[in-house]
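The chain contents come next:
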Amino acid sequence: MALISCCFDSGFELPELFDTFVQKCTDPGCCCGCCSALRPRYKRLVDNIFPVNPEDGLVKSNMEKLTFYSLSSPDKLDRIGEYLYQKASKDINRKRYRFVEIAMEAMDILLQACHAQTTLNLFVESFLRMVQKLLEDSNPTLQILATNSFVKFANINEDTPSYHRRYDFFISKFSSMCHGNNDNTELRDNIRLAGIKGLQGVIRKTVSDDLVENIWEKQHMEKIVPSLLFNMQFDVNVMFVKKNMSVSGDLTPVEDATQVTPPALAEEVLRELVGRASFGHIRSVLKPLLTHLDRHELWVPNTFAIHTFRIVMISIQPQYSYTVVETLMQHLDNNFKSSPKTRTSLAVVLSKIIAIAAGESVGPSALDIINNLLTHLKTSVGTTTEITPEESQYQEALINALGEFANHHPDYQKIEIMLFIMNTVPDLTKKSKGDQMLQNILLKSLLKVGTQYNTVSFEKAFPASFLQPLLKMARAPHDPTRIIVMKIFQALLDRHQNEKVLSMVSVKPYAALSQEPPSRSDIIFTHKYGANIMQALIDSLALSDKVDSLTSSYNTAALLLVEMACGETVQEFLLFILGIQQVAVIAEDLSDLHKCCLHAIAIALLTLAARVTGITNLLEYAQKIIEARKEDAGHFLPSIMEPNNKPSTTKFNLNLPHLSIDKIALAECLQNAGMDFNRLQSGVPYTLNQKDNPSHRHSWVESVSNQMTQRNSSTDLTTYNGDNDSISSSPGVAKALAPEYTVDAMKRYLAEPSEAMKKEMQEKQKQIVRAFRESNFEELMKRTEPKHDVLQNRLNDLFSSLALDNKATQNVNNNNNQDKPIYETYFPELFYY
């Protein structure tokens, strides 16, 4: 080997030799000293940083000289960068990768040292060209090296704007590196990490500078977002997902403390991307995210989708969170023809994230979300003739989403939401199967909101505009609808968690019953609206003999009693209990089992009222009735409503007036307790089909006036209804007393009329109808003539005497007028002195 080398010994041809010998003569051992002397100083300084042996690495002392020269002569930065790029390009072509690494290291040092220079933009162009040159090479080591250099550059805050810089190539290259599939697992992860870091660098560099290329454009987001999601979903540990799906909302990735994994880094970059997005750019991130989940069928199962959207909702600026919910709902609209499982997964994802957006949506935006959810429910019901289990799960997911959304709103907004839902429920007159299904679905959504409401005052929980349609729904002919309405009442009435305790009809003491005296506003509410609620409960109890329907109505009545019963309202509840018993006695279209259940509910409510109000006499009276029924009429006790108790085929004995609750006895109990009993004594028990009037308290005087105004003398006799005109169903008409005036007779009469009396009354009514149908006018006149004319004769005498007195007075006046001259009579003012 020659000790002295020369650049002319390389075997180049003459044109090539003259073209390149000046640049190649960098070896200090070269004999051509004149070559080095002819070169510019910046080139000599650059050449000196490269060692003879590439394994020795960068020459630190010479690098310091180059750095000092760059700081002293910043106008030479662009030439230094260009020269380093040319040397690195030739080294890459010759596969001299170690020299390439040294050149890249020098670039990084110069970039960090001179970033405050105003001419840095010229150097950055050469720097980015070198990074691009390294990324274009197939060597993974160079790609990772270039990525790390780009990340260092991205972290530098430039003072001067850049107008012409573009990052299209870097976005495409880094995205492709994120999808690397090298057989070597460690190398594959390193390449993917480098790609993710590169994307993070592009995001940081472009988002903060408005003059560079818009990173939020569609063609860029369609590369960045799927690349991040691909790494988040790829080879993720099961524990990683479970930890992130915890209820506590802790979304910190589970990662090794010493090594960052691609899923963890991709999640971090996605958080940063979403957090930097403004209102106009957030949809640019969400659209490729939804497209990626659709194309790769990641909705079923929806674990990854829930995790991703939670990251988005937590990272996004709070005021923009409503946009995510709106976009997801629109995507649900676009997938209305998809499978029920996909739609269910979408709805579940919505329910998991909608609570986060609830805190930032108020007023119209809140009702808009509710309206969209209700529209999806209506669409689900309207497009299917029969509800399949999968479709039912989809509807339940939407209802859960609605409940989660309402749960994070204040109570006054929950009332508005419930009113909004109630106004969308179809009318009860529509009896089609689809309308019934829609009624149940919407009422279930209303129940979901009602369970989230914390009742403090019943006046606020039951405004008139909400109570009226709810009471109308309580009279629905369909058992499922009625049961849901009762659950809504229970959710709003139950302030002390007594609903489960009162779920069974019983005359035994409820051990875990919790109560407190009602407030003044609750008492006023009871006087104002209690009668309407009790009337609706009586109508509900009379509609079906199914145990679950009766039990739900009893549960509502019991909660109403526990929350509102006190000394001032106990009379209303006793009239309500008497009304339930009266329905069991009077109503002819009820089955024997149904009547027995009503008797059992009445005695159970009476026992509960006595215990809640603390009236000992009332409790003793109820216990006497219970003991008597145990001996003679066990079918009048709540045991008949037990699920295991099968109704016997034998006919029940219902004519047991001595085992019924006595109105007079109840009044005596209140009187002995020193309480007011006038309302109970003079009032009439609630009956079926009474008209609601939520604006004020129910009064029997108003009932009479309403009935009198509603009567018409020209009513068709063919439509005569004995039930409506009978004494027992007219609360404003006083009952005629029995001919015997003994106490036993009065009790027997008040207990309820016997079968013989009923038949006699029906026969009299038929005779009246027949007489008015078949008799002529003269006979009817004779039938209606008064049999006792004493009063009429007396009135005639009075009218005659009054007529005579008037006639005598007129004669006296006429005589006086005749005595005066005519002109004084007609013009008296002319003769005053």
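Residues numbered from 1 in each chain as written. Predicted model: local features only at pLDDT ≥ 70, side-chain atom pairs only at ≥ 80, totals over all residues. Heavy atoms only, no water.

What follows covers the overall build of the protein chain. Assigned secondary structure in the protein chain consists of 38 helices and 0 strands. Considering the protein chain as a whole, with its 833 residues, one finds that 46% of them fall into the buried category. Considering only intrachain contacts with a sequence separation of at least 6, the fraction spanning at least 24 residues in the protein chain is 73%. For the protein chain, the exposed surface amounts to about 43,000 Å²; the carbon and sulfur share of it is 52%. (Helix = DSSP H or I, 4+ residues; strand = E, 2+ residues; numbered from the N terminus. Buried < 20%, exposed > 50% of the residue type's maximum accessible area, 1.4 Å probe, protein only. Contact = heavy atoms within 4.5 Å. Areas by Shrake-Rupley, 256 points an atom, 1.4 Å probe, with all protein chains shown as cover.)

This brings us to the pattern of salt bridges. In total, this model carries 23 salt bridges according to the counting rule given. Across the pair Asp479 and Lys546 runs a salt bridge whose closest N-O atoms are separated by 3.7 Å. You can see Asp479 sitting in helix H24 (residues 479-493) and its partner Lys546 sitting in the loop between helix H25 (520-541) and helix H26 (547-564), a full 67 residues away along the chain. Among the charged side chains, a network of salt bridges with common partners joins Arg204, Glu272 and Arg276. (Salt bridge = Lys/Arg side-chain N within 4 Å of Asp/Glu carboxyl O.)

Applying the stated rule across the entire model yields 17 aromatic pairs. Aromatic side chains Phe169 and Phe170 sit 5.7 Å apart centroid to centroid with 75 degrees between the ring planes, which places their arrangement in the edge-to-face category. Above the ring of Phe50, the side-chain terminus of Lys87 is found at 4.9 Å from the ring centroid. Positioned above the aromatic ring of Phe153 is the side chain of Lys205, whose terminal nitrogen or guanidinium carbon lies 4.4 Å from the ring centre. (Phe/Tyr/Trp six-rings, centres within 6.5 Å; stacked < 30°, edge-to-face > 60°. Lys NZ or Arg CZ within 6 Å of the ring centre and 35° of its normal.)

Our next topic: the environment of Gln452. Structurally, Gln452 is set in helix H21 (residues 433-452). What makes Gln452 buried here is its relative accessible area of 18%. Residues Gln452 and Gly403, spaced 49 residues apart in sequence, show a C-alpha to C-alpha distance of 7.3 Å. Excluding anything up to four places from it in sequence, Gln452 contacts Gly403, Asn407 and Lys414.

Attention shifts here to the packing of helix H14 (residues 282-295) against helix H16 (residues 321-334). Running from N to C, H14 and H16 cross one another at 40 degrees; their axes reach a closest spacing of 11 Å. What the angle tells us is that H14 and H16 run oblique. Judged by the sense of rotation from one axis to the other, the crossing of H14 with H16 is right-handed. Contact with H14, carried on its side by Ile282, Arg283, Leu286, Leu290 and Asp294, involves Thr323, Val324, Glu326, Thr327, Leu328, Gln330 and His331 of H16 and no other residues of that element. Its residues placed into classes, the contact of H14 with H16 shows 5 nonpolar, 4 polar and 3 charged. (Axes fitted to C-alpha atoms, helices over the stretch in contact; angles between N-to-C directions. Parallel < 35°, antiparallel > 145°, perpendicular 65-115°, else oblique. Left-handed = near helix turned anticlockwise from the far one by under 90°. Nonpolar A, V, L, I, M, F, W, Y, C, P; charged D, E, K, R; others polar.)

Moving on, we come to the packing of H25 against H26. Here H25 crosses H26 at 165 degrees, and the two axes come no closer than 10 Å. On the basis of their axis angle, the class for H25 and H26 is roughly antiparallel. You can see that H25 and H26 cross each other, and the crossing is left-handed. On H26, the residues that touch Phe525, Thr526, Ile533, Met534, Leu537, Ser540 and Leu541 of H25 are Leu550, Ser553, Thr556, Ala557, Leu560 and Met564. Partitioning the contact of H25 with H26 into residue classes produces 9 nonpolar, 4 polar and no charged.

The next subject is the nonpolar core. Ranked by size, the top nonpolar core spans 219 residues in total, and within it Leu84, Phe309, Phe462, Leu606 and Ile661 carry the most contacts. Every residue in contact with Phe309, bar those within four places of it in the chain, is listed here: Leu289, Leu290, Leu293, Trp299, Val324, Leu328, Val349 and Ile353. (Core = buried A, V, L, I, M, F, W, Y, C linked by side-chain atoms within 4.5 Å.)

Turning to its location among the elements, Asn302 is positioned in the loop between H14 and helix H15 (303-315). Of the residues examined, Asn302 reaches a relative accessible area of 15% and is grouped as buried. Every residue in contact with Asn302, bar those within four places of it in the chain, is listed here: Ser345, Val348 and Val349.

Because the α-helix completes a turn every 3.6 residues, residues three or four places apart line up on one side. Between the first and last C-alpha of helix H11 (residues 218-233) there are 22 Å, a value that for 16 residues agrees with the 22 Å anticipated at 1.5 Å per step. Buried within H11 we find His220, Met221, Ile224, Val225, Pro226, Ser227, Leu228, Leu229, Phe230, Asn231 and Met232. On its buried face, H11 is in contact with helix H9 (168-178), helix H10 (185-207), helix H13 (262-276), H14 and H15. (Expected span 1.5 Å × (residues − 1).)

Taken together, the side chains of Leu795, Leu798, Phe799 and Leu802 define a hydrophobic patch exposed on the protein surface, amounting to about 360 Å² of accessible area. Relative to the helices and strands, Leu798 is located in helix H37 (residues 790-819). (Patch = residues over 30% accessible without salt bridge, like charges linked within 9 Å, V, L, I, M, F, W, Y side chains within 5 Å.)

A few words now on helix H28 (residues 592-613). Counted at 1.5 Å a residue, the expected span for H28 with its 22 residues is 32 Å, and the 32 Å between its end C-alpha atoms agrees. Burial within H28 is extensive, with 18 of its 22 residues counted as buried. Note on H28: the residue one or two positions beyond its end, Gly614, has a positive phi of about 75 degrees.

Attention now goes to the side chain of Asn62. When you line up the elements, Asn62 lands in helix H4 (residues 60-72). Since its relative accessible area comes to 17%, Asn62 is described here as buried. Filtering out sequence-adjacent residues up to four positions away, Asn62 remains in contact with Asn48 and Ile49.

Geometrically, the link from Val300 to Pro301 is a cis peptide bond, its omega value of -5 degrees lying close to zero. In this fold, Pro301 is placed in the loop between H14 and H15. Look at Glu297: it is not a glycine, yet its phi comes out positive at around 55 degrees. Assignment of secondary structure puts Glu297 in the loop between H14 and H15. Judged by its relative accessible area of 63%, Glu297 falls in the exposed class. A positive phi angle, near 55 degrees, is found at Gln497, a position not held by glycine. In this structure, Gln497 sits in the loop between H24 and H25. Residue class for Gln497 comes out exposed when judged on its relative accessible area of 60%.

Once that is clear, we can look at the confidence of the model for the protein chain. Model confidence for the protein chain is summarised by a mean pLDDT of 78, while 75% of its residues fall at 70 or above. Highest mean pLDDT in the protein chain belongs to H14 (93); lowest belongs to helix H32 (residues 700-710) (38). Low pLDDT, under 50, characterises residues 1-24; the predicted model gives this stretch 26 contacts beyond four residues in sequence or across chains. Counting contacts from residues 26-34, a segment whose pLDDT is below 50, to residues more than four positions away or on other chains yields 16 contacts. (pLDDT = per-residue confidence, 0-100.)

Moving on to the environment of Arg475. Here Arg475 is to be found in the loop between helix H23 (464-474) and H24. A C-alpha to C-alpha distance of 8.1 Å links Arg475 and Leu537, two positions 62 residues apart in sequence.

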